[in-house]
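Remarks on the overall topology
Listed below, chain by chain, are the residues.
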Amino acid sequence: MARQLEQLRNIGVIAHIDAGKTTVTERMLFYSHASHRVGRVDDGTTVTDYLAEEQERGITIVSACVTFPWKGKTVNLIDTPGHVDFTAEVERSLRVLDGAVVVFSAREGVEAQSETVWRQADKYHVPRLAFINKMDREGADFYATLEEIKKRLDSKPIPVNLPVGSGPPHVDGAFRGIVDLIHMKMLTFPGEKDGTEIVVGDIPDDMIDDADMWRANLLDELSFFSDELIELLMAEEVVPPETIRRVLRNAVIHDVVVPVLCGSALDGIGVQPLLDAVTYFLPSPADIPPVQGTDPANPEKKLRRKADPDEPFCGLLFKIQADKHGDMHYVRVYSGRLKSNSRVLNAGKNQKENVPQLWRLQAGRREQISAVEAGDIVGIIGLRHSITGDTLCDVKDPILLESIVFPETVISMAIEPESSEDRKKLSAVLDMMRRQDPTFRAKESEETGQTLISGMGELHLEFITHQLLREHRLNVRVHNPRVSYRETIERSVEVTGQCHRTVGGQRLFAELTIRMERYEEGEKPVTVLNACGGQLPSEFLTAAVEVLTGEGEGGGMFGFPLMNVKITVLGGRIHETESNEMAFRMAAADAFRKALAEAGTVLLEPIMRLEVTTPEEHLGDFVSDLQQRRAVITRTQTRGRNTVIDAEAPLARLFGFANAMRSLSQGRATCSMEPFTYGPAPPEILQSFM
């Protein structure tokens, strides 16, 4: 019997670090009987944190895909990292998912990375639920967190259940259950049953007024999306739960409201209602609009593929898990069917690929299967030419889907192999890491013999070096991290590059005029445009543009990558017999070097956005420390018993801030940071490179 797309859910769990994503996932697996015990993050026994580094640190580093059943539905779930250094894992997961569960801590509320993952979900128009976790913690505040979700994330949160009490068991009014606003019942989860049993009872007398008010709010908000609901409310008739769920589901699928639930995943409270909400409110592949792409042979022609097994096959490769026995390629299948031992087309590279093996993924475990259909997420072993972001499709019906854009690296570190044997092995390992992690860069310096590796932050580089030293047993020396600077130009210039020379007895002539200017809006760091019309033969112009593009990617005056630069080809001169492609390549290279020298250099340094949470008594110490680091404090606010400092600071001055933070606050402060922008570096830093 064919599987029904309506019974499938492809979701992700996203949040700030330590909000409880992995614990929520672990409880979901346990209650759905996909695992027989509840693993603990602190013990390193969870299903989705299967890497040794994850188990040691107690954090998620790589996204993990698991599949489990719930009340007749099949859920494909991706547990994602919460640390900003591994934000690429969230980016590529949200690119292919149909819905998301955003987890918030009831004590900390909306944190820095909460905003980042929310923006990523907005970018890909991913419908979502909010789960306010850790209601059993001291200082937990459901309503304050709800207000932050509304204001800081510019969204329309609608509670569908309310907490009964808050805080740990030893305080008065401790968290002990939830009120279901759709059925108007109280749900409790006896601790001796590990949350597997749900006791349905009446709402406590002291909560009836609040429950009535929030149910009225729920119905009022949903009435904007349903004439049927308006008629029932105006007639003062009872609104059936089925009607509420249907209207709410429609509003969620159109990404106009966010249902909010609450609980404590660690104590097993509220997770089953969250699972119900996933199946009730989040979309199936059949609810998602057809995926859009272009014809590889004609980029102006738009194509669409419905989530239908009978459509031509197409899928997006969104993750590669490198392995010495064969890389595992994660693919979201958007349309058609895919069988093992078949052939597909890599539309972007116009290369055919064999698909020898298909695998069903369960975090660190896998199960070989023979075929998949539209809506599935599958692992493929055996692809040779495809990388993250590539489109795989039917050979006879090609389509090119939108790829995935990842942020630029901001921090680098030099490593040196101890021997020639280590050098050969290092090259192979780094190549494998590049395939696996699209935010990782590695470049060998011919002058020093060092290899410069670049990543998204100190933790990212630390994880990479641990892999090199421990997992791959490489004997390398590791140097201190350093900032990944960028260069741009100071002013606009117009120059003419020339080639008047004799090469191998042949006279070569070419002149090429270009304009180089600052360009903040370009999608690429260096944009090359043609504005000379038909003044030059197309083959000469193509050769010149190719050289200008390559020179732009090669870096600026100090060897750092260029950014925010536009090069426009304005025209040129040719000779009937002495001009050819080689001459215009030389003229283009000459023009680029002249323009770069005349335009002047501006060194750009990465600026990070910080959020420091500290007890109020240490606020002054942090403000003073941040000012010494050239930070600009943009806002301070009170959150619970703590003060939150929002600031922007150059990455170069933030090395060692984690240790300083512990010292300033006796270990009571926390901090998160993410890349924000690039800004001009002080003159003394520029002078140090001259």
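Here the structure is a predicted model, which means the values were calculated and not measured.

Quick notes on the rules
- Residues numbered from 1 in each chain as written.
- Predicted model: local features only at pLDDT ≥ 70, side-chain atom pairs only at ≥ 80, totals over all residues.
- Heavy atoms only, no water.
- Helix = DSSP H or I, 4+ residues; strand = E, 2+ residues; numbered from the N terminus.
- Rg over C-alpha atoms; globule rule 2.2 N^0.38 Å.
- Buried < 20%, exposed > 50% of the residue type's maximum accessible area, 1.4 Å probe, protein only.
- Contact = heavy atoms within 4.5 Å.
- Areas by Shrake-Rupley, 256 points an atom, 1.4 Å probe, with all protein chains shown as cover.
- Salt bridge = Lys/Arg side-chain N within 4 Å of Asp/Glu carboxyl O.
- Pairing = 2+ DSSP bridges.
- Axes fitted to C-alpha atoms, helices over the stretch in contact; angles between N-to-C directions.
- pLDDT = per-residue confidence, 0-100.
- Expected span 1.5 Å × (residues − 1).

1. Focus: the overall build of the protein
The secondary structure content of the protein amounts to 16 helices and 37 strands. Computed over the C-alpha atoms, the radius of gyration of the protein is 28 Å, within 12% of the 26 Å expected from 2.2 N^0.38 for a compact globule of 690 residues. Based on the C-alpha atoms only, the size of the protein along its principal axes is roughly 100 × 65 × 55 Å. The buried share among the 690 residues of the protein stands at 55%. Long-range pairs, those at least 24 residues apart, make up 72% of the contacts in the protein between residues at least 6 apart in sequence. Split by element, the accessible area of the protein, about 31000 Å² in all, is 47% carbon and sulfur.

2. Things to note about unusual backbone geometry
The phi angle at histidine 33 is positive, at roughly 65°, despite the residue not being glycine. Mapped onto the elements of the fold, histidine 33 is located in the loop between α1 (21-31) and α2 (52-57). Among the residues examined, histidine 33 registers a relative accessible area of 73% and is labelled exposed. At asparagine 564, a position not held by glycine, the phi torsion is positive, near 55°. Inspection of the secondary structure puts asparagine 564 in the loop between α12 (538-554) and β33 (565-573). The class for asparagine 564 is buried, based on a relative accessible area of 16%.

3. Quick look at the pattern of salt bridges
Counted by the stated rule, this structure contains 38 salt bridges. A salt bridge links glutamate 418 to arginine 477, with the nearest nitrogen and oxygen atoms 2.8 Å apart. A residue pair is termed long-range when its members are at least 10 positions apart, and glutamate 418 in the loop between β25 (411-417) and α10 (420-436) and arginine 477 in strand β28 (residues 476-483) qualify at 59 residues. A residue is classified by how much of its surface remains accessible, and arginine 477, at 38% relative accessible area, is partly exposed. When the shortest N-O distance is used, the salt bridge between glutamate 511 and arginine 573 registers 3.3 Å. Taken as a pair, glutamate 511 in strand β31 (residues 506-518) and arginine 573 in strand β33 lie far apart in primary sequence, 62 residues in all. Residue glutamate 511 is classed as buried on the basis of its relative accessible area, which comes to 10%. Within the structure, one salt-bridge network assembled from shared partners comprises Asp327, Asp431, Arg434 and Arg435.

4. Digging into the sheet that holds strand β30 (residues 493-503)
Where strands meet in a sheet, backbone hydrogen bonds hold them as pairs that are either parallel or antiparallel. If you walk across this open sheet you meet the 4 strands as β30-β31-β33-β32, and the pairing is mixed. The sheet terminates laterally at β30 and β32 (526-530), the two strands that pair on one side only. Across the sheet, the axes of successive neighbouring strands diverge by a mean angle of 25°, strand direction being ignored. Where β32 and β33 come together, 5 bridges link them in parallel fashion.

5. Some details on the confidence of the model for the protein
Of the residues in the protein, 98% have a pLDDT of 70 or more, and the chain-wide mean is 89. Across the protein, strand β11 (residues 258-262) holds the top mean pLDDT of 97, while α2 sits lowest at 76.

6. As for helix α8 (residues 241-253)
Over its 13 residues, α8 runs 18 Å from end to end, which matches the ideal 18 Å to within 8%, given 1.5 Å per residue. Directly beyond the C-terminal end of α8, a positive phi value near 60° is found at aspartate 255.

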